[in-house]
Amino acid sequence: DVKVTQSSRYLVKRTGEKVFLECVQDMDHENMFWYRQDPGLGLRLIYFSYDVKMKEKGDIPEGYSVSREKKERFSLILESASTNQTSMYLCASATTGSNTEAFFGQGTRLTVV
Amino acid sequence: AQSVTQPDIHITVSEGASLELRCNYSYGATPYLFWYVQSPGQGLQLLLKYFSGDTLVQGIKGFEAEFKRSQSSFNLRKPSVHWSDAAEYFCAVGAPHGNQFYFGTGTSLTVIP
């Protein structure tokens, strides 16, 4: 089974802190994604990566950056956390090719105080 | 532009009753379609997917969905709902090469005894 693992289930950070959310997948997938989930808004794409060191902005990249130094790991960085970044963050991965689906991690619930 | 619409924000059904969750999509090419389920505090789990072929697809946990191209719909159904089906359900459309997934805003399902 594909496994996508997010390093933390719950995080509490202070305003202004630099925050790292880590995601690792074990199926050699080329594509990796970071989504933010808020009530009534569904999943919104922050960034995705289609290869090592490659990234594309999603719908809501402001206030975030990403890093993909190795194929299996995709990190989301909040440069200076703010209270409006309190949310559920979901990482996903997918292979490149036809008939592919997204596999999700268990999510990180981030609270910025 | 690609989009997914789930018109029902919240649905309540009695245990044992039938269920239909609606999903409409807008996509420029042949869509890859998905239904995911999310239990509280968890990541998303794939229920079923449609890539091509038979327009009625079977998934896990007794769910099925029907692709209707003329209506741009991919509605999820279950003939008899169990209390454990209470969760959030997301419809999604995907690009052919696994590098883009678009999600609806979700439908929250409550099951009453």
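Above this text you will find the structure in question.
Computed from a prediction, not measured in an experiment: that's the story for all the values here.

Asker: Help me out: how do you make sense of the overall build of chain A in this one?
Answerer: Helix and strand counts for chain A stand at zero helices and eleven strands. Of the regular secondary structure in chain A, the N- to C-terminal order runs β-β-β-β-β-β-β-β-β-β-β. Summarising its shape, the C-alpha atoms of chain A cover approximately 40 × 30 × 25 Å along the three principal directions. Expressed as a percentage of its 113 residues, the buried residues of chain A come to 49%. When contacts within chain A are restricted to residue pairs at least 6 apart in sequence, long-range pairs at least 24 apart make up 54% of them. Working note: accessible area of chain A is about 5,400 Å², and carbon and sulfur atoms make up 49% of it. Averaging the coordinates of the 15 positive side-chain charges in chain A and doing the same for the 15 negative ones gives two points 7 Å apart.

Asker: Could you clarify how one ought to interpret the interface of chain B and chain A in this entry?
Answerer: How big an interface is tends to be stated in terms of accessible area lost as the parts join. Taken together, the contact pairs 21 residues of chain B with 24 residues of chain A. It is Leu44(B), Phe101(B) and Phe103(B) in chain B that bury the most area against chain A; as a group they hold 25% of the surface buried on that side. On the surface where chain B and chain A come into contact, there are one salt bridge. Across the salt bridge formed by Glu101(A) and Lys49(B), the nearest N and O atoms sit 2.5 Å from each other. For the pair chain B and chain A, the number of links is six residue pairs in polar contact (both at pLDDT 80 or more). Take the side of chain B that touches chain A: its biggest share by element is four residues, from strand S5 (residues 32–38) of chain B. Classifying every residue of the side of chain B that touches chain A by side-chain character gives ten nonpolar, ten polar and one charged.

Asker: How should I be thinking about the pairing of strand S2 (residues 10–14) of chain B in this particular structure?
Answerer: Looking along a regular strand, one sees the side chains alternate between the two faces of the sheet. Residue and element names in this part refer to chain B. Every second residue of S2 is oriented toward a common face, the buried set being Ile11 and Val13 and the non-buried set His10, Thr12 and Ser14. Strand direction decides the pairing type here: S2 and strand S12 (residues 107–112), joined by five bridges, are parallel. Across the sheet, Thr12 pairs through a bridge with Thr110, a residue of S12.

Asker: Would you mind going over the sheet that holds strand S3 (residues 19–25) of chain A with me for this structure?
Answerer: Pairing between the strands of a sheet is mediated by backbone hydrogen bonds and can be parallel or antiparallel. All names here are of chain A. Taken in spatial order, the four strands make up an open sheet running S1-S3-S8-S7, and their pairing is antiparallel. One side of each edge strand has no neighbouring strand; the edge strands of this open sheet are strand S1 (4–6) and strand S7 (64–70). Across the sheet, the mean angle from the axis of one strand to that of its neighbour is 20°, orientation sign disregarded. Bridge analysis of S3 against strand S8 (residues 73–78) gives six bridges, and the strand direction is antiparallel. Within the sheet, the bridge partner assigned to Cys23 lies in S8 and is Phe74.

Asker: Would you explain the nonpolar core in this entry?
Answerer: Looking at soluble globular proteins, one finds that nonpolar side chains tend to be buried together. By size, the foremost hydrophobic cluster in this structure holds 28 residues, and its most contacted members are Leu19(B), Trp35(B), Leu47(B), Leu48(B), Phe74(B), Leu76(B) and Tyr89(B). Going through the elements one at a time, S2, strand S3 (19–21), S5, strand S6 (45–50), strand S8 (64–68), strand S9 (73–78), strand S10 (87–94) and S12 of chain B are the ones with two or more residues in this core. Sort the elements by how many residues they give to this core and S10(B) lands first, with four residues. Those residues in contact with Leu47(B) that lie beyond four places of it in its chain are Trp35(B), Tyr36(B), Val37(B), Gly59(B), Ile60(B), Lys61(B), Phe63(B), Leu76(B) and Tyr89(B). With 21 residues, the next largest nonpolar core counts Phe104(A), Leu46(B), Phe51(B) and Phe101(B) among its residues.

How each quantity is defined
- Residues numbered from 1 in each chain as written.
- Chains lettered and ligands numbered in written order.
- Predicted model: local features only at pLDDT ≥ 70, side-chain atom pairs only at ≥ 80, totals over all residues.
- Heavy atoms only, no water.
- Helix = DSSP H or I, 4+ residues; strand = E, 2+ residues; numbered from the N terminus.
- Buried < 20%, exposed > 50% of the residue type's maximum accessible area, 1.4 Å probe, protein only.
- Contact = heavy atoms within 4.5 Å.
- Areas by Shrake-Rupley, 256 points an atom, 1.4 Å probe, with all protein chains shown as cover.
- Lys, Arg positive; Asp, Glu negative; His and termini not counted.
- Charge placed at Lys NZ, Arg CZ, Asp CG, Glu CD.
- Buried area = accessible area lost by both parts, 1.4 Å probe.
- Salt bridge = Lys/Arg side-chain N within 4 Å of Asp/Glu carboxyl O.
- Polar contact = N/O pair within 3.5 Å; in protein donor to acceptor, adjacent residues only side chain to side chain.
- Nonpolar A, V, L, I, M, F, W, Y, C, P; charged D, E, K, R; others polar.
- Pairing = 2+ DSSP bridges.
- Axes fitted to C-alpha atoms, helices over the stretch in contact; angles between N-to-C directions.
- Core = buried A, V, L, I, M, F, W, Y, C linked by side-chain atoms within 4.5 Å.

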